[in-house]
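Here's the letter readout for the chains.
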Amino acid sequence: MRALVISGGGSKGAFGGGVAQYLIEELGHSYDMFIGTSTGSLLISHLALGKVQKIKEVYTSVNQSSIFSNCPFTTKKTKNGLEEIGINHFNVIFNFLRGKKTFGDSSNLRQLIRDNFTIQEFNQLKESHKDVVITVSNLSLNSVEYKSLIECSYDDFCDWIWISCNYVPFMSLAQKNGCEYADGGFGSMVPIKEAIDRGATEVDVIVLETEVTYFNRLPSKNVFSLITNLHAFMVDRIEKQNITIGKFAAAHENAIINLYYTPTVLTTNSLIFNKEKMKDWWQKGFAYASQKNQETSEVK
């Protein structure tokens with residue numbers, strides 16, 4: 001059984017989409033299972049349907065307003081060309097006055113998911129018998145949960161995709177089934193072990209971070225940049241632990257893991273959705289997968 005796992009990574013999901021396109025269209029890989037976390041969860045349903053061009057169009061046309069109904073921050077470029085995050089005080093105060101628990105609101109993303117993944121496509125995917133699994137973090141129970149399309153209704157599945165992407169406290173805090181939920185990456189950034197536990201014998205893993213850690217963050221200028229830096233640090237630790245555990249599980253079960261990292265630092269703030277950059281990252285992901293597989297073939 002072959003599985004495709006795509007990690008979280010916000011706007012960097014465009015790079016992951018390019019890698020997945022090469023694996024599916026050029027190498028002809030057919031997957032029985034798709035598991036995604038955060039931005040990975042946005043990709044996998046269309047990839048499982050073989051609708052690569054459709055999800056590519058979505059990823060290369062979104063912007064901040066496509067994701068946020070109330071964006072809590074502003075950005076400006078530094079002299080070095082990096083993006084520095086600032087607080088949109090009006091939007092944050094407005095969100096709190098509305099009784100929300102987070103700085104921003106990502107309701108637009110929820111609607112975007114439903115607009116681009118229809119109930120007809122959901123039913124088609126169910127009939128294909130492919131397992132499509134979404135990773136979410138249950139904050140109330142301190143646990144990671146994996147939601148399979150096989151076990152969900154259309155409405156619930158769309159909710160889980162949205163919930164998996166909610167990078168709190170900047171995006172919405174979701175309440176479902178009496179519990180509070182947030183981004184799946186807070187618990188399982190790269191769910192390799194889950195794929196193996198579900199029976200995968202070969203796993204292609206797209207990791208939306210560099211394999212080697214680089215110093216790539218500006219000093220914190222305000223509370224928002226401090227929180228994003230802190231979140232990035234924690235997620236990076238979770239990611240490395242997930243990969244180590246995944247490798248151990250693979251060795252124990254005699255499974256094969258093929259890892260695809262981003263070769264360079266794409267952005268220091270993956271909550272910035274710039275359609276021109278994302279279009280470029282998609283192409284870079286495709287080219288990187290092509291180069292990596294050519295090098296592997298030459299070694300063999």
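Cut-offs applied
- Residues numbered from 1 in each chain as written.
- Predicted model: local features only at pLDDT ≥ 70, side-chain atom pairs only at ≥ 80, totals over all residues.
- Heavy atoms only, no water.
- Phe/Tyr/Trp six-rings, centres within 6.5 Å; stacked < 30°, edge-to-face > 60°.
- Buried < 20%, exposed > 50% of the residue type's maximum accessible area, 1.4 Å probe, protein only.
- Lys NZ or Arg CZ within 6 Å of the ring centre and 35° of its normal.
- Axes fitted to C-alpha atoms, helices over the stretch in contact; angles between N-to-C directions.
- Helix = DSSP H or I, 4+ residues; strand = E, 2+ residues; numbered from the N terminus.
- Parallel < 35°, antiparallel > 145°, perpendicular 65-115°, else oblique.
- Left-handed = near helix turned anticlockwise from the far one by under 90°.
- Contact = heavy atoms within 4.5 Å.
- Arc of directions from axis to C-beta.
- Patch = residues over 30% accessible without salt bridge, like charges linked within 9 Å, V, L, I, M, F, W, Y side chains within 5 Å.
- Areas by Shrake-Rupley, 256 points an atom, 1.4 Å probe, with all protein chains shown as cover.
- Salt bridge = Lys/Arg side-chain N within 4 Å of Asp/Glu carboxyl O.

### Details of the packing of aromatic side chains
Okay, so step 1: Evaluated as defined, the whole model comprises 17 aromatic pairs.
Okay, so step 2: Ring geometry for Phe68 and Phe73: centres 5.7 Å apart, planes at 80°, overall edge-to-face.
Okay, so step 3: On the basis of relative accessibility, which here comes to 4%, the residue Phe68 falls in the buried class.
Okay, so step 4: On the accessibility criterion, Phe73 (5% relative accessible area) is buried.
Okay, so step 5: Measuring from centroid to centroid gives 6.5 Å for Phe117 and Phe122, while their planes differ by 80°, and the two rings are edge-to-face.
Okay, so step 6: Exposure remark for Phe117: the relative accessible area of 2% places this residue in the buried category.
Okay, so step 7: An aromatic cluster is defined as three or more aromatic residues linked by ring pairs; in this entry it consists of Phe68, Phe73, Phe96, Phe103, Tyr167, Phe170 and Phe186.
Okay, so step 8: Geometry around Trp160 places Lys147 over its ring, the cationic atom sitting 4.4 Å from the centre.
Okay, so step 9: Sitting over the face of the ring of Trp160, Lys176 holds its NZ or CZ atom 5.5 Å from the ring centroid.

### Observations concerning the packing of helix α6 (residues 107–116) against helix α8 (residues 154–164)
Okay, so step 1: It is at 9 Å that the axes of α6 and α8 come closest, and there the two elements cross at 130°. Classified by the interaxial angle, the pair formed by α6 and α8 is oblique. Between α6 and α8 the crossing geometry is right-handed. Together, Leu109, Arg110, Ile113 and Arg114 of α6 and Tyr154, Asp155, Cys158, Asp159, Ile161 and Trp162 of α8 make up the contact between the two elements.

### So, helix α5 (residues 89–97)
Okay, so step 1: All of the buried residues along α5 are Asn91, Val92 and Asn95. Buried residues of α5, viewed axially, fall in a sector of 100°; they line one side. Opposite its buried face, α5 presents the exposed residues His89, Phe90, Ile93 and Leu97, each directed more than 90 degrees away.

### Some points on the environment of Cys179
Okay, so step 1: When you line up the elements, Cys179 lands in strand β8 (residues 179–183).
Okay, so step 2: For Cys179, a relative accessible area of 12% corresponds to the buried category.
Okay, so step 3: As a C-alpha pair, Cys179 and Ala249 span 70 residues in sequence and 30 Å in three-dimensional space.

### As for unusual backbone geometry
Okay, so step 1: Of note, the bond from Val168 into Pro169 is cis; its omega dihedral lies within 30 degrees of zero at 10°.
Okay, so step 2: The topology assignment puts Pro169 in the loop between α8 and β7 (174–176).
Okay, so step 3: Of note in this structure, His129 is not a glycine but carries a positive phi near 65°.
Okay, so step 4: Position of His129 relative to the elements: it lies in the loop between α7 (119–128) and β5 (131–138).
Okay, so step 5: Among the residues examined, His129 registers a relative accessible area of 69% and is labelled exposed.

### Some points on a nonpolar patch on the surface
Okay, so step 1: On the surface, Leu230, Phe233 and Met234 cluster together into a nonpolar patch covering about 300 Å² of accessible area.
Okay, so step 2: Its location among the elements puts Phe233 in helix α10 (residues 223–253).
Okay, so step 3: A residue is classified by how much of its surface remains accessible, and Phe233, at 53% relative accessible area, is exposed.

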